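Descriptive analysis of the structure
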Amino acid sequence: MLSFYLQMLDTPEEKIQFEQIYLKYRGLMYHVAERILHNRQDAEDAVHNAFLRMIKHFEKYQNTRAGGLTPQIVVLAKNEAISLLRKKKDEAPLEDGETLVAESGDIMDYRALVDSFTRLPQTYRAVMEMKLLLGYSDGEIAAKLGLTKTAVSSRVSRGRLLLRDIVEQEGFLWDA
């Protein structure tokens, strides 16, 4: 699949840079999509669509500093997974209506929670996204972000307090 994507890029520099991004982030993108879609094939489709979108707007990703690319990649994969979920919901037979109502409520709650993350300071945002949305352990987050486990734990603790304040201000129920 990588060769397919590389053919869509113009310069050798773009191809090298895209290949590095692809090899580094495809697993994370799949993980994000699969957690939303709960289906292996749909997650692969969402990742494929995300890479196509990335190629279409590659200049946006080329000039991003190393630490800033991970949140963009996560958001891209998440958005493609949600878009695919919406398309699937529109194609569902009428008998599944009750299930769709429950799923759409979960998706709306999930989206509202994800949107509240955007209001967190960047210091806490990446750590909180990786911990709460992606399910990484403190050790995994520390390794990926180049922090100590203690720093990650502190940021998670402070980030939870900030997120709780944000969620309460928005009027959501919070049981954490």
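For the structure itself, look to the data block above.
To start, this report covers the structure provided alongside it. Fair warning: this is a prediction, and the values are worked out from it, not measured in the lab.

1. Considerations on helix α8 (residues 138–145)
Among all positions of α8, only D138, I141 and A142 are buried. Seen along its axis, α8 keeps its buried residues to an arc of 100°; they face one direction. Among the exposed residues of α8, those pointing more than 90 degrees away from its buried face are A143 and K144. Phi turns positive, to about 70°, at G146, one or two residues after α8.

2. Things to note about the side chain of D138
When you line up the elements, D138 lands in helix α8. Discounting chain neighbours no more than four positions away, the residues touching D138 are K131, K149, V152, S153 and V156.

3. Looking at the packing of helix α2 (residues 12–37) against helix α3 (residues 40–56)
Two numbers describe how α2 lies on α3: the axes approach to 8 Å, and their chain directions differ by 140°. In terms of axis orientation, α2 runs oblique to α3. Regarding α2 and α3, the two cross each other, and that crossing is right-handed. The residues of α3 that touch α2, namely those facing F18, I21, Y22, R26, M29, Y30, A33, E34 and L37, are R40, D42, A43, E44, A46, V47, A50, F51, M54 and I55. When the residues that make up the contact of α2 with α3 are grouped by side-chain class, the tally is 14 nonpolar, no polar and 5 charged.

Conventions used here
Residues numbered from 1 in each chain as written. Predicted model: local features only at pLDDT ≥ 70, side-chain atom pairs only at ≥ 80, totals over all residues. Heavy atoms only, no water. Buried < 20%, exposed > 50% of the residue type's maximum accessible area, 1.4 Å probe, protein only. Helix = DSSP H or I, 4+ residues; strand = E, 2+ residues; numbered from the N terminus. Arc of directions from axis to C-beta. Contact = heavy atoms within 4.5 Å. Axes fitted to C-alpha atoms, helices over the stretch in contact; angles between N-to-C directions. Parallel < 35°, antiparallel > 145°, perpendicular 65-115°, else oblique. Left-handed = near helix turned anticlockwise from the far one by under 90°. Nonpolar A, V, L, I, M, F, W, Y, C, P; charged D, E, K, R; others polar.

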